[in-house]
Amino acid sequence: MSRGFFITFEGGEGAGKSTQITRLAERLRAKGHEVLVTREPGGSPGAEAVRHVLLSGAAEPFGPVMEAILFAAARSDHVEQVIRPAVDRGVVVLCDRFMDSSRVYQGVTGDLDPKFMAALERVAVNGMVPDLTLILDIEPEEGLRRASARRGDGAADRYEKETVDVHRRRREAYIAIAEAEPDRCIVIDAGRSPDEIAAVIESVVTAALDAMKAIPATVDA
Ligand code: TYD
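Residues numbered from 1 in each chain as written. Predicted model: local features only at pLDDT ≥ 70, side-chain atom pairs only at ≥ 80, totals over all residues. Heavy atoms only, no water.

Draft legend 1. Structural detail: the side chain of Asp137. Looking at the secondary structure, you find Asp137 in strand S4 (residues 132–137). The exposure class of Asp137 is buried, given its relative accessible area of 15%. Looking at Asp137, its side chain comes within polar contact range of the side chain of Arg171, at 2.8 Å. For Asp137, the contacting residues outside a window of four places in its chain are Arg171, Ile175, Val187, Ile188, Asp189, Ala190 and Gly191. (Helix = DSSP H or I, 4+ residues; strand = E, 2+ residues; numbered from the N terminus. Buried < 20%, exposed > 50% of the residue type's maximum accessible area, 1.4 Å probe, protein only. Polar contact = N/O pair within 3.5 Å; in protein donor to acceptor, adjacent residues only side chain to side chain. Contact = heavy atoms within 4.5 Å.)

Right under this line is the structure:
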């Protein structure tokens, strides 16, 4: 494969993104693809340093604009240091959260100006728009129940502590993104069993990779 493929996973808390990413990575590797699994915020040394600041809540007192810029700074580093070089090498990159998380968490439920968010996104993503975005859709109550079961006695992070109503608005915001960008986004019902979800994801991704192979490579004049 000359160019790789960039797939992002999105959705609320407890949708099962990381389980599904691990399973898809195994399936793709078994088929001979080189796969890189990464996540946001983080994924590069610079972005991992910023991740701690964001998820601990240390940036929260400085306001949502500060947080949005930090997410964008982390994303820019991650894109340029890790994602773009991997895709250029022919790797299939699987990323746990990406630009749609900022649109939803900072833009919609953080009430930030859409023009400001769009400008930040352009700078951070710098053309590295995902080839495919899988939105794992789950009822907020069920997602929060799963997230707290997974956490056990551990403390909820800055974003897990918010109310069910906020989670509901995020769910709607993800659906709106999928409706606005149907060529990039696919909504997957994550209320089913992990095996059923994995089977759907595998068929969607196989179809997308096959479609990419069917496009003839551009010939430079
Ligand atoms: P993480 O522990 O990775 O959670 P999850 O398992 O839900 O992916 O924490 C990431 C948190 O950061 C998550 O609650 C969503 C939030 N987030 C944003 O608010 N904006 C962003 O741009 C990104 C990437 C994440």
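Draft legend 2. Quick look at the sheet that holds strand S3 (residues 92–96). Read across the sheet, five strands follow the order S2-S3-S1-S4-S5 without closing on themselves; strand pairing throughout is parallel. With partners counted over all chains shown, the strands left at the sheet margins are strand S2 (35–39) and strand S5 (185–189), one partner each. Direction aside, neighbouring strands of the sheet carry axes that sit 20 degrees apart on average. Of the pairings in the sheet, the one linking strand S1 (residues 5–11) to S3 comprises five bridges and is parallel in character. For Phe9, the partnering residue across the bridge sits in S3 and is Asp96. Strands S1, S4 and S5 of the sheet are contacted by helix H8 (residues 194–214), whose axis makes an angle of about 165 degrees with S4. (Pairing = 2+ DSSP bridges. Axes fitted to C-alpha atoms, helices over the stretch in contact; angles between N-to-C directions.)

Draft legend 3. Up close: unusual backbone geometry. Following Glu40, the chain continues to Pro41 via a peptide bond in cis, the omega torsion being -10 degrees. Of note, Pro41 is situated in the loop between S2 and helix H2 (45–55). One non-glycine residue, Arg97, lies in positive phi territory at about 75 degrees. Of note, Arg97 is situated in the loop between S3 and helix H4 (99–108). One non-glycine residue, Asn126, lies in positive phi territory at about 50 degrees. The partly exposed category is assigned to Asn126, whose relative accessible area is 45%.

Draft legend 4. Representation of H2 within the structure. Every buried residue of H2 is accounted for by Ala47, Val50, Arg51 and Leu54. Across the axial projection of H2, the buried residues extend over an arc of 115 degrees, all falling on one side. In this structure, H2 carries Pro45 and His52 as exposed residues pointing more than 90 degrees from its buried face. Where H2 is buried, its residues contact S2 and helix H3 (64–88). Positive backbone phi, approximately 90 degrees, marks Gly57, located one or two places after H2. (Arc of directions from axis to C-beta.)

Draft legend 5. Layout of the environment of Ala118. The residue Ala118 is located in helix H5 (residues 114–125) in this model. When its relative accessible area of 35% is taken as the criterion, Ala118 is described as partly exposed. On a C-alpha basis, the gap between Ala118 and Arg103 in space is 8.4 Å, while along the polypeptide they are 15 residues apart.

Draft legend 6. Region of the structure containing the nonpolar core. Ile7, Phe9, Leu94, Leu134, Ile201 and Val205 are the most contacted members of the largest nonpolar core, which has 24 residues in total. Listed by contribution, the elements that provide at least two residues to this core are S1, helix H1 (17–30), S3, S4 and H8. Here the element with the most residues in this core is H8; it accounts for seven residues. With near-sequence residues (within four places) excluded, Ile7 lies in contact with Val92, Val93, Leu94, Cys95, Leu132, Leu134 and Val205. If you look at the next biggest cluster of nonpolar residues, it comprises 12 residues, including Val79, Ile83, Val87 and Val91. (Core = buried A, V, L, I, M, F, W, Y, C linked by side-chain atoms within 4.5 Å.)

Draft legend 7. Highlighting the state of the cysteines. Going through the model one piece at a time under the given rule, you end up with zero disulfides. Of the cysteine sulfurs around Cys95, a residue in no disulfide, the closest is that of Cys185, at 14 Å. Note on Cys185: relative accessible area 5%, which makes it buried. (Disulfide = S-S within 2.5 Å.)

Draft legend 8. Representation of the environment of Asp183 within the structure. For Asp183, the position within the fold is in the loop between helix H7 (164–180) and S5. For Asp183, a relative accessible area of 78% corresponds to the exposed category. For Asp183 and Leu132, which are 51 residues apart along the polypeptide, the C-alpha to C-alpha distance reads 8.0 Å.

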